[in-house]
Structures are given as structure tokens and as C-alpha cells.
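Residue-level listing of the chains:
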Amino acid sequence: MDLCETPLVQLRQMLDTGNVTAKEVVYSFYERIQRVQEPLRPYVHLMPIRDMMIQADDADDWLRTGRAGVLTGIPIAVKSSISVKDMPTDCASAMLEGYRPPYDAEVVHNLRECGAIVLGLTDMDEFAMGNTCLTSVHGGSKNPWAPERIPGGSSGGSAVAVSSGCAAAALGTDTGGSIRQPAAFCNLVGLLPTYGTASRFGHVAYGSSLEQISPMTRTVEDAAFLLDAMMGESTGDSTCRLHEGDDFSLMAEGEMEPFRVGWCPAWDAENLDKDVCQALEKARTVFENLGAEIVEIDLPHLQHAVAAYYLVAMAEASSNLARFDGMRFGKSERKKSLQESYRATRQGFGEETRRRILMGTFALTEGAYKDYYRKAAQVRALIRQDFMTAFESCEVILAPVSPSLPMLRDEAENVDPLTSYLADMYTVPANLAGICAMSLPCGRTKIGLPIGMQLMAAPFREDLLLKSGMAYQGYTLWHVRTAPIDKSGLSGPIPLIP
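Quick look at the overall build of the protein chain now. When helices and strands are counted, the protein chain shows 17 helices and eleven strands. Every one of the 498 residues in the protein chain was classed for burial, and the buried ones make up 60%. Across the protein chain, the fraction of contacts at a sequence separation of at least 24, relative to all contacts at a separation of at least 6, is 75%. Surface exposure of the protein chain reaches about 19500 Å², of which carbon and sulfur atoms provide 51%. Distance from the positive charge centre (45 side chains) to the negative charge centre (62 side chains) of the protein chain: 6 Å.

With that settled, consider the environment of proline 48. Its place among the elements puts proline 48 in the loop between strand 1 (43–46) and helix 3 (49–64). The partly exposed category is assigned to proline 48, whose relative accessible area is 47%. Between the alpha carbons of proline 48 and leucine 119 there is a distance of 8.6 Å; along the sequence they are 71 residues apart.

Where nonpolar side chains cluster on the molecular surface, the patch consists of Tyr99, Tyr103 and Phe201 and spans about 250 Å² of accessible area. Inspection of the secondary structure assignment puts tyrosine 103 in the loop between strand 2 (75–79) and helix 4 (106–113). Overall, tyrosine 103 belongs to the partly exposed group, its relative accessible area being 33%.

Procedures and definitions
Residues numbered from 1 in each chain as written. Predicted model: local features only at pLDDT ≥ 70, side-chain atom pairs only at ≥ 80, totals over all residues. Heavy atoms only, no water. Helix = DSSP H or I, 4+ residues; strand = E, 2+ residues; numbered from the N terminus. Buried < 20%, exposed > 50% of the residue type's maximum accessible area, 1.4 Å probe, protein only. Contact = heavy atoms within 4.5 Å. Areas by Shrake-Rupley, 256 points an atom, 1.4 Å probe, with all protein chains shown as cover. Lys, Arg positive; Asp, Glu negative; His and termini not counted. Charge placed at Lys NZ, Arg CZ, Asp CG, Glu CD. Patch = residues over 30% accessible without salt bridge, like charges linked within 9 Å, V, L, I, M, F, W, Y side chains within 5 Å. Salt bridge = Lys/Arg side-chain N within 4 Å of Asp/Glu carboxyl O.

Set out below in C-alpha cells:
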């Protein structure tokens, strides 16, 4: 079995039984990274091999002496908007070039406490603003299933790292689908936990009331396992709830009792790609074969979700990114006057980031606040109520992830912003409503591209989400398929272990 394509939970078992050493595991992933980094570019910063091996030696010692944690010896990738001590956490932006945080984000600290080995930081859309991974100052990652296409975003690099076998699992963030969409495009599981489940302390904020740090893995079981390791009491995030007695891995186990799956007829719209539509129809059939009842639900305000989401997200981005002015944070361009210095410094932001800051600033002005931001907040409340009503008649909701397949990179670079925003129509409602959601593989197109579906559940009902996802993956084999990567000699010889 190829270690780089082995699910996290199976790797854990192999390490615990002594079938493989942590040093063998880490070096296998390092070797794969050396082969695919150049053509696919999942990472923007990689830990030196010598440091990896030192940690792997420590992990083997802990395994031998019975001191191992649940993630001891497991290689993990982290999105470059999540602080990792002394690694360049630049959010794929020139504005933060050279910034190295002096501390770990709380979720990274929790993973390290469990024994995880952080291999490096992955590429992303600049400040998590985008769904293509092309707004990155580093050039963006490429989809391992079709390198000429986008991997999705904003957590595109994390998706590529796991899908290409360059990490056993990865952390990303989901503000409006930034975990679920790239997971769907790269044949992975992307889990958005309920808002407040994981600490956001140490993450460079984009939309503070929307985003969650989230796991990206090969299987639902792995996602539950990693989410358990991420959790912990937070001292820096007042929105993070205590998780006394929560055990997501245990939630995912056991038989799924008869359950109801909600389906909104509006999702059969003409704008849904034909291959995606057929895959979702087959997914509904699978759930029926598992004993589920498919029930129709009504989400009347969903048509306004994209508009409400972007108003809220851009307004929060305007507030959060205001501190990057060259005086307090960010690159500094000192000119003759303060105004000229501000103007020159803010050019460190890319085009899409500047667009969102400007639109958010406008929405918060005295003349526009009532007509735009306040109405968006009201629509957000209505969307949440729609979901709460729908969950009275079903345990989980089945939905598309993206209306279309991953675009060609050349096409995505020239797409107009509105078209790009509308691609998030099926993912942003979960963030607005503050519910949990998960993307998982459900099919393949005629040309071999992965297709993902989305499951949603009520707030803090990850148990329903995980059990239904586990039941689906126990019935299908889409998640076991791996990217068709040429693993032989993509970027030259591999250096020997020092």
C-alpha cells in the first residue's frame, strides 16, 4: 500500500502496530512532495527535511515508549492563513511578505500536542478571497486530477496537498465554501463544523462571523478524527464553545438509524451541470437504498444568499484588513505624506482583495449601511430560520457543492467577478446560517473529473452529518479513488535522508 495515499486512520493503526515507522511515513511524503511540488505547487513553504526527520525520530521514540498521541508521526499540511510559529504565514499576499508569527494558532498547537508533524504551509487565494486559488501572489496550485484546471479555493493548496499524496490531511478555512468546493474538485472530504466548534485564534481573519478552520481529508472517518484533535479549550477566541464530552470519532461510528434526507426542488435548476445533476440523482438513490426517506424541503430565501453573503463578508473584510496600513501591520511604503504612504502601502493587496475591501467599506458607510449591510443581516436571519424549519422535517439536507465543474485555469483567470461569486450559491448558505456541512465525493464526469455532493445538518449536529457520510462511504467507492499522478521522476532525483 502506498503510504502517501493511505487514509489517516489507517496510517495511525500502522504506526501503532509497528508495521511502519514515523520516519518511513514522513520520508515517503517528503519524497512525494519533491516529485509533485513543481508541477502542482501545493506548498508555498516547506519545513526543511532535517527538521522533519528530527520530529519523526522523536515520534518513533514516543511510539516505542508508549507516550504517543493520537496524531504522533502523522504529516499534516496547514493553509497559509493559519499561524504556524516561525513559518512565513503570508496569506498568499504581498502585503504580508516575510511575516513569521511568533506563535502557533490554537488549532495548530492542539495538533502538535497530539503529535502531528506540520510539513508546511499551502497556497490559497489571497486572504481567502476567491474560489479558484488564482488570486495568490504565488501563482496558485493546480488540480492533481487535471493540472490545466483550477483546484478550487480558497483552500486550494490544502486540497492539492492531500489529493496528490503530499500530506495525510490538511487544515483549511471555510468562509463561504472554501473547504467544501476544493474538496469536491479534488475528490476529498471537506468538513465545515458548526461556527464556534474550533478556535479561530491565530487565523488571519477575513469574515469573522462566517469562517471556521476546518479539516480536509480522504474519508469521513479521517475528518472526524482530525476534528477531535483540533478541538480544545480556547483562551483567545471568545466565540469558541467548550466541548465537554464531544467525541466526533465516536459520533461517526455505529449504524445510522432510519433517517430523512431533505432535497430542495429548486436545486434541479437549469444552471446545474448535467454531470453534477446525474451524480446527485444517484446519491439520492444510494440514500434510499440505505433506508433513508427523501423529503422535499422549501428554502424560500436561498435565492438571496449570494448577495447577502458577499455584503456581510466584504464588510467584515473591510474592517479586518484595515489594520494592514503599513503603520501597524503589513508591508510599509514610506512616502512624503501620510496619504501617499497609505496609498502606496495598500497596493500590496491584489486586485480581488482591493475590490472586496472597497465594496465592504462602501456598504458600511452612513449612506449605504441601512440599504445594504443591515438588509443583508436581515436576510441572513431569514435564511437561518429557513434551515431551522427545514430540519424539523429531515435530519440532513443533500445539496450540490458547485453548479459547475472546475474551470480551466485560463478561463478562470478571465472570468468576471459576478460569475465567480455565483459559483458559491450552494455553499454560502451554510456559513450564513451557522450550521455544519460536509462535501464528499459522489461521482466522476465522463472526462474523469471528480464530483462532490454536500450534506448539511443543524447546528452542533455533526453526529448526523458524520453518520450519514460514513453510511454513504460504506456503500460507495468514490472516495477510495486517487488522482492519476505520474509518480516517477517528475522533478529529478530525491536527496538521501541526512
